[in-house]
Amino acid sequence: MTNSFVMRSSKSRKRHAAEMRFQWMGRIAIIIAIGFLVFMVGSIAMMGAGALKQTHIAFDVDLSHNEIDPAFPEKADYDAIIKASLRKAFPDITDRREKRELYRLVSAEASFSLKNFVVNNPAHIGQTHKLWFIASDDVDLFFKGNITIDEKGNAGRLNAQEVAWVRIFERNQNIETRFNTRFFTAGDSREPELAGILSSLTGTAFTLLITFLIAFPIGIFSAIFLEEFIPQSRWGDIIEVNITNLAAVPSIVFGILGLTIFLNTFGMPRSSPLVGGLVLALMTLPTIIIASRAALRSVSPSIREAALGVGATQIQTVFHHVVPLALPGMLTGAIVGMARALGETAPLLMIGMVAFIVDVPNSILAPATALPVQIFLWADSPERAFLEKTSAAIIVLLVFLVLMNLIAIILRSKHRQRF
Amino acid sequence: MNMTVQIRTAEIQDMVENAILAPSASIVSAKNVNVYYAGKQALKNISLDVAKNRVTSFIGPSGCGKTTFLKCINRMNDLIDICRVEGNIEVDGQDIYSPEVDVVALRAHVGMVFQKPNPFPKSIFENVAYGMRIHGLTNNKSELADRVELSLRKAALWDEVKDRLEQPGTGLSGGQQQRLCIARAIAVEPRIVLMDEPASALDPIATAKIEELIGDLSTNYTIIIVTHSMQQAARVSQFTAFFHMGELVEYGNTKTTFTSPNDERTQNYITGKIG
Ligand SMILES: Nc1ncnc2c1ncn2[C@@H]1O[C@H](COP(=O)(O)OP(=O)(O)OP(=O)(O)O)[C@@H](O)[C@H]1O
Ligand SMILES: [Mg+2]
């Protein structure tokens, strides 16, 4: 009873202990990795979350007939109307410098939005209305609590006087934060409170579309040709070595290549998603080819034997049996390559996709920038308010990365379900 | 009276047997075949003629080169980069290693059931229908379904799969997969069927059905079967070749090979002394 062979001996106990040690080391490694990830994403999210809210302030605007001609409402000087309305709200301000500081509380965009309001609602002309406007970036930062008041009473670029005005707005409940739709619907701007990601996001979408349309078919067909039709030949070996080396070439080199070939030799339009997409396609190709070849190689040779054995041709064998089995792996490779292209900045700088783009690009030939380049530009800006925009743009970039990987996973599991 | 009838039957049996064993036209003819895997010789100077519309079995200990020789006959060895084949193999009078041979056509006429079952990861129906489809044997949907059913029936699999033809062939048991591969091979009506241990994973009932199938097929087809079962070789085949360490040691009609082998190694193998 005591010494049954199913009981633990000292030898098996040792083995068991080694196994437990290994499991624990693995667990600790995973916990550390997850910790880093949570810390990184968490800190970016905390910084960027503020960009989803935008401070607005309200004051009475006098839309008098003196200023606005009802026949031509778009011709009025709305900037002057805003300024006059602000002066009216703070009648005891007479000093010129103080007036300028007062005007600075509202964003420069206020006059445009007022104009839109009046043109769309001409019935309001002649009345006085309380209207909401986007606050300037300094007010925004202060009101959201991103900057604190120092010993001199200043808050960032706001002086003590301006802080007091913000307090007055606050007391009258004429200041509040709202969801920042502008961040998703506007292009870039010199004013942080007006800047959005739509232009760069569209640029990225166009660029990646070109990249995918070029790199995916070429990559897959190259892989099929190299793997299935010239395996183990000397040419195949030479090409294989070169492709592997190409995958390791720094991306900026592809940018220089694009600059000399696509821009200087072929004269394609600078800063365009077309050229960006071509450059990123060149960069992504090796990744797709290598991943696709690995996927093809992992298909069991017995499937090839089976197909050839019933008299299928090489092409039939490859396209009826091998490629369908390798497709999930190929797609994963393509998506991994595209994800790398999504985050790429350096080659795009080389071909001039670093311009200040306010308008949303409407074609693959229009000047555009890309999301990572936009992040780079914002991170480089002196205004403090761009800090949270940068983080928010990074979050958007990460969301797209996660989405792409999710698509890869769904495609793969869908494919697996079939057989 | 009774006596004479019995003698007559025995006489007739002998006559039939002799007719079967009478030198019929050979359909596969190998001369001085040597096969090397990366310089290591796997087959040594094999010369052998396979009789048309008969069953020939290849026996021999594991690793002696049975599969290797089988794969030479439909050039499946082409897929192995390190494999080199020397010598001359004719199928239906044509040297199959000559450059003008269409390997695809060769394999369509020389079907193969592999040692390891390898169904396509597609539906059971598609597994059998695929070969007929690519060869354009039928364009008619119901005819295709009929022929799939016929092939599955011949392979003794129909009753087990008739309700789940749309399910993946890879979901079948090992023995069922092997029968599916048999059905797939005979569906395209090859002239020669190479069977590499087709019954190694089958239970006695399925084995009996496959042997019955082999018997039926041999009226119109030539069959070469690799087997590790002496009883099976004796039951199904008219001719037997014994391979040993890459050499063809003995080749002749099955009965003689099993009852009075010429070579000592054959004797030892069939009595279980080597293997
Ligand atoms: N792909 C290969 N690469 C290298 N050597 C091989 C290969 N296939 C077979 N061989 C060698 O060739 C010899 C014959 O192998 P083969 O598969 O023909 O044996 P077999 O008679 O079919 O054996 P079994 O009864 O076990 O199936 C063996 O020594 C084996 O090691
Ligand atoms: Mg074998």
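Residues numbered from 1 in each chain as written. Chains lettered and ligands numbered in written order. Predicted model: local features only at pLDDT ≥ 70, side-chain atom pairs only at ≥ 80, totals over all residues. Heavy atoms only, no water.

Things to note about the packing of aromatic side chains
Residues and elements named next belong to chain A.
Line of reasoning, step 1. Taken as a whole and assessed by the stated rule, the structure comprises 16 aromatic pairs over all chains.
Line of reasoning, step 2. Ring geometry for Phe-183 versus Trp-378: centroids 6.2 Å apart, planes at 40 degrees, classification tilted. Linking Phe-183 in helix 7 (residues 182-185) with Trp-378 in helix 15 (residues 371-379), this pair joins segments that are 195 residues apart in sequence. Across this residue pair, the class does not change: Phe-183 and Trp-378 are buried.
Line of reasoning, step 3. Residues Phe-212 and Phe-216 carry aromatic rings whose centres are separated by 4.9 Å and whose planes lie at 10 degrees to one another, so their mutual orientation is stacked. Highlighted residues: Phe-212 and Phe-216, both in helix 8 (residues 198-229), separated by 4 residues, approximately one helical turn.
Line of reasoning, step 4. Overall, Phe-216 belongs to the buried group, its relative accessible area being 16%.
Line of reasoning, step 5. An aromatic cluster is defined as three or more aromatic residues linked by ring pairs; in this entry it consists of Phe-179, Phe-183, Phe-184, Trp-378 and Phe-386.
Line of reasoning, step 6. Taking the ring centre of Trp-24 as reference, the NZ or CZ of Arg-27 above it sits at 4.8 Å. (Phe/Tyr/Trp six-rings, centres within 6.5 Å; stacked < 30°, edge-to-face > 60°. Helix = DSSP H or I, 4+ residues; strand = E, 2+ residues; numbered from the N terminus. Buried < 20%, exposed > 50% of the residue type's maximum accessible area, 1.4 Å probe, protein only. Lys NZ or Arg CZ within 6 Å of the ring centre and 35° of its normal.)

Observations concerning the domain arrangement of chain B
Residue and element names in this part refer to chain B.
Line of reasoning, step 1. Annotation of chain B at the domain level lists domain 1 (25-98 + 191-275) and domain 2 (121-189).
Line of reasoning, step 2. On a C-alpha basis, the centres of domain 1 and domain 2 stand 26 Å from each other.
Line of reasoning, step 3. With 12 residues of domain 1 at the contact, the number on the domain 2 side is 9 residues.
Line of reasoning, step 4. Across the domain 1 to domain 2 interface the summed buried area is about 930 Å²; carbon plus sulfur atoms make up 72%.
Line of reasoning, step 5. Summed over the three residues of domain 1 that lose the most area to domain 2, namely Ile-210, Leu-213 and Tyr-221, the buried surface amounts to 35% of that side. (Domains from an automatic or database assignment. Contact = heavy atoms within 4.5 Å. Buried area = accessible area lost by both parts, 1.4 Å probe.)

Description of the domain arrangement of chain A
Residue and element names in this part refer to chain A.
Line of reasoning, step 1. Split into domains, chain A comes out as domain 1 (2-49), domain 2 (54-180) and domain 3 (198-418).
Line of reasoning, step 2. On a C-alpha basis, the centres of domain 2 and domain 3 stand 47 Å from each other.
Line of reasoning, step 3. Looking at the side of domain 2 facing domain 3, the largest losses of area belong to Asp-137, Leu-141 and Asn-146, adding up to 56% of the total buried there.
Line of reasoning, step 4. Applying the counting criterion to the domain 2 and domain 3 interface returns 1 salt bridge.
Line of reasoning, step 5. Between Lys-144 and Glu-388 there is a salt bridge, with its nearest N and O atoms 2.8 Å apart.
Line of reasoning, step 6. Applying the counting criterion to the domain 2 and domain 3 interface returns 2 residue pairs in polar contact (both at pLDDT 80 or more).
Line of reasoning, step 7. If one sorts the elements of the side of domain 2 that touches domain 3 by residue count, helix 5 (residues 137-143) sits on top with 3 residues.
Line of reasoning, step 8. Partitioned by chemical class, the residues of the side of domain 2 that touches domain 3 number 2 nonpolar, 3 polar and 4 charged. (Salt bridge = Lys/Arg side-chain N within 4 Å of Asp/Glu carboxyl O. Polar contact = N/O pair within 3.5 Å; in protein donor to acceptor, adjacent residues only side chain to side chain. Nonpolar A, V, L, I, M, F, W, Y, C, P; charged D, E, K, R; others polar.)

Focus: the coordination of the magnesium ion (ligand 2)
Residues and elements named next belong to chain B.
Line of reasoning, step 1. Bound to the magnesium ion (ligand 2) on the protein side are Thr-67 (OG1) and Gln-115 (OE1), at distances that span 1.9 to 2.3 Å. A residue pair is termed long-range when its members are at least 10 positions apart, and Thr-67 in helix 2 (residues 66-73) and Gln-115 in the loop between strand 6 (110-113) and helix 4 (124-134) qualify at 48 residues.
Line of reasoning, step 2. For Thr-67, a relative accessible area of 22% puts it in the partly exposed group. (Donors = N, O, S within 2.8 Å, 3.2 Å for Na, K, Ca; no water.)

Details of the sheet that holds strand 5 (residues 94-95) of chain B
Residues and elements named next belong to chain B.
Line of reasoning, step 1. The antiparallel open sheet is built from 4 strands, whose spatial order is 2-1-4-5. The open sheet has two edge strands with one neighbour each: strand 2 (40-51) and strand 5.
Line of reasoning, step 2. Looking at chain direction, strand 1 (residues 26-37) and strand 2 are connected through 8 bridges and run antiparallel. Counterpart to Val-35 in the pairing with strand 2 is Leu-43. (Pairing = 2+ DSSP bridges.)

Details of the site of ligand 1
All names here are of chain B.
Line of reasoning, step 1. Close to ligand 1 lie 15 residues, the nearest being Ser-62, Gly-63, Thr-67, Thr-68 and Gln-115.
Line of reasoning, step 2. With respect to ligand 1, the backbone of Cys-64 contributes an N or O atom lying 3.3 Å from an oxygen atom.
Line of reasoning, step 3. Thr-67 places a polar side-chain atom, nitrogen or oxygen, 2.5 Å from an oxygen atom of ligand 1.
Line of reasoning, step 4. Against a free-state accessible area of 630 Å², the protein chains account for coverage of 67% of ligand 1.
Line of reasoning, step 5. Elements that contribute at least two residues to the shell around ligand 1 include exactly strand 2 and helix 2. (Near = heavy atom within 4 Å. Areas by Shrake-Rupley, 256 points an atom, 1.4 Å probe, with all protein chains shown as cover.)

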